[in-house]
Amino acid sequence: MRLILLGPPGAGKGTQAQRLVDKHGIVQLSTGDMLRAAVAAGTPVGLKAKSIMEAGQLVPDEVVVAIIADRIDQPDARKGFVLDGFPRTVPQAEALDKLLAERGLKLDGVIELKVDEGILLKRIETRVAEMTARGEKVRADDNPEVLKGRLAAYRTQTAPLAGYYDAKGALKGVDGMAPVDAVTAAIDGILKPSGSTATAAGRGA
Ligand code: ADP
């Protein structure tokens, strides 16, 4: 199974990706996590990405495309993967199409987590407060000022991907404002062969 999760920062992509990993035995490919690891390790890619990420901007397409090309060739990605945070621009999506075609692979779907942007800031503030309370290290770009930039980058550079995949008939939307379990159930419903009597794209509550 090969999926893309699409949605702005704080939409819950990471949480849902992890559940898909557990359920389907696929791997989560998060370019954000990979870039943070590169920054922490001080690799050439990390050195290049650090200040860009801290400013809430996008790392150049060729950098993330190279990372993903490398990663999908690893043995553990053979069973499938869920992409989280990639692609983030139309050129990245085009590069992914090419990578997959060259390998004779197909995407099973693109799932968009639809959220109310006004609420995202609050969600991230809560995430930061919880992490701080647990004594965990907070991401350098998880502060209100940088988050506004990340949301702006999403709106102008990433949101157009919904149209890109919709035109291919690959896009499915779920209500990302629903409780976490309801979002998971909605995604499960989408991934079931013909939807059948599965849980209605439930809204919890
Ligand atoms: P978010 O919670 O903002 O979705 P991520 O962990 O996915 O965060 O990404 C953090 C940062 O890493 C982004 O703001 C960007 O600078 C960089 N990044 C991650 N994925 C990509 C990508 N596909 N293209 C360009 N930059 C990326």
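Just so it is clear, the structure is predicted and the values come from calculations on it, not from any experiment.

A.B. asks: Describe the overall build of the protein chain, listing the residues and the values that go with them.
C.D. replies: On a plain count of helices and strands, the protein chain comes out with nine helices and five strands. The order of helices and strands in the protein chain, counted from the N terminus, is β-α-β-α-α-α-β-α-β-α-α-α-β-α. The C-alpha radius of gyration of the protein chain comes to 17 Å, within 12% of the 17 Å expected for a compact globule of 205 residues. Taken along the three principal axes of its C-alpha coordinates, the protein chain extends 45 × 45 × 30 Å. The proportion of buried residues among the 205 residues of the protein chain is 43%. Restricting the contact set of the protein chain to residue pairs at least 6 apart, pairs at least 24 apart contribute 72%. For the protein chain, the accessible area works out to roughly 10,500 Å², and carbon and sulfur atoms hold 55% of it. The centroid of the 28 positive side-chain charges in the protein chain is displaced by 2 Å from the centroid of its 26 negative side-chain charges.

A.B. asks: Go over the pattern of salt bridges with me, naming the residues and quoting the values.
C.D. replies: Scanning all chains against the criterion turns up 16 salt bridges. Notably, a salt bridge pairs R19 with D181, separated by 2.7 Å at the nearest N-O pair. Here R19, found in helix α1 (residues 13-24), pairs with D181, found in helix α9 (residues 180-191); they are 162 residues apart in sequence, far enough to count as distant. On the accessibility criterion, D181 (54% relative accessible area) is exposed. The residue E102 makes a salt bridge to R103 at a minimum N-O spacing of 3.7 Å. Under the relative-accessibility criterion, R103 is labelled partly exposed at 29%. When salt bridges with common partners are traced through the structure, they connect R127, R139, D141, D142 and R150 into a single cluster.

A.B. asks: So, the site of the ligand: which residues are in play, and what are the values?
C.D. replies: Around the ligand lies a shell of 18 residues, among which T31, R36, Q57, G85 and Q92 are the nearest. Between the ligand and Q57 there is a distance of 2.4 Å, counted from an oxygen atom to a backbone nitrogen or oxygen. Expressed as a share of its isolated accessible area of 550 Å², the protein-covered part of the ligand is 96%. The cavity where the ligand resides is the largest pocket. Each residue belonging to the shell around the ligand can be placed in one class, and the counts come to seven nonpolar, five polar and six charged.

A.B. asks: I'd like a rundown of the packing of aromatic side chains, residues and numbers included.
C.D. replies: For the structure shown, the criterion picks out one aromatic pair. Summarising the aromatic geometry, the rings of Y164 and Y165 are spaced 5.0 Å apart at their centres and angled 90° between planes, so their arrangement reads as edge-to-face. For Y164, a relative accessible area of 17% translates into the label buried.

A.B. asks: So what's going on with the layout of surface pockets? Which residues, and what values?
C.D. replies: A volume near 1,100 Å³ is recorded for the largest pocket. Looking at the lining of the largest pocket residue by residue, the classes come out as 21 nonpolar, 17 polar and eleven charged.

A.B. asks: Give me α1: which residues, what numbers.
C.D. replies: In a regular helix each residue adds 1.5 Å, so twelve residues correspond to 16 Å; α1 covers 16 Å between its end C-alpha atoms and thus fits that length. The complete set of buried residues in α1 reads K13, Q16, A17, L20 and V21. Angularly, the buried residues of α1 cover 145° about the axis, an arc narrow enough to put them on a single face. Where α1 is buried, its residues touch β1 (2-6), β2 (27-30), β3 (81-84), β4 (109-114) and α9. Within two residues after α1, G25 carries a phi angle of roughly 65°, on the positive side.

A.B. asks: How would you explain the sheet that holds β3 if you had to name every residue and give the values?
C.D. replies: Strand order across the open sheet formed by five strands is β2-β3-β1-β4-β5, with parallel pairing between neighbours. Whereas interior strands pair on both sides, the edge strands pair on one side only; in this sheet they are β2 and β5 (171-175). Neighbour to neighbour, the strand axes of the sheet diverge by 25° on average, direction disregarded. Note that β2 and β3 share four bridges and pair parallel. In the strand pairing of β3, L29 is matched with L83. Each of β1, β4 and β5 is contacted by α9, which is oriented at about 155° to β5, the strand it contacts most.

A.B. asks: Can you tell me about the environment of L5, naming the residues and giving the values?
C.D. replies: If you trace the backbone, L5 turns up in strand β1. Under the relative-accessibility criterion, L5 is labelled buried at 2%. Beyond its immediate sequence surroundings of up to four residues, L5 is in contact with K13, Q16, A17, L20, V82, L83, G85 and I111.

Cut-offs applied
Residues numbered from 1 in each chain as written. Predicted model: local features only at pLDDT ≥ 70, side-chain atom pairs only at ≥ 80, totals over all residues. Heavy atoms only, no water. Helix = DSSP H or I, 4+ residues; strand = E, 2+ residues; numbered from the N terminus. Rg over C-alpha atoms; globule rule 2.2 N^0.38 Å. Buried < 20%, exposed > 50% of the residue type's maximum accessible area, 1.4 Å probe, protein only. Contact = heavy atoms within 4.5 Å. Areas by Shrake-Rupley, 256 points an atom, 1.4 Å probe, with all protein chains shown as cover. Lys, Arg positive; Asp, Glu negative; His and termini not counted. Charge placed at Lys NZ, Arg CZ, Asp CG, Glu CD. Salt bridge = Lys/Arg side-chain N within 4 Å of Asp/Glu carboxyl O. Near = heavy atom within 4 Å. Polar contact = N/O pair within 3.5 Å; in protein donor to acceptor, adjacent residues only side chain to side chain. 1 Å grid on protein atoms, 1.4 Å probe; cavity = no way out; pocket = protein on both sides within 12 Å on 5 of 7 lines; lining within 4 Å. Sits in = over half its atoms within 2 Å of the grid points. Nonpolar A, V, L, I, M, F, W, Y, C, P; charged D, E, K, R; others polar. Phe/Tyr/Trp six-rings, centres within 6.5 Å; stacked < 30°, edge-to-face > 60°. Points joined across faces, edges and corners; volume = space filled by probe spheres on them. Expected span 1.5 Å × (residues − 1). Arc of directions from axis to C-beta. Pairing = 2+ DSSP bridges. Axes fitted to C-alpha atoms, helices over the stretch in contact; angles between N-to-C directions.

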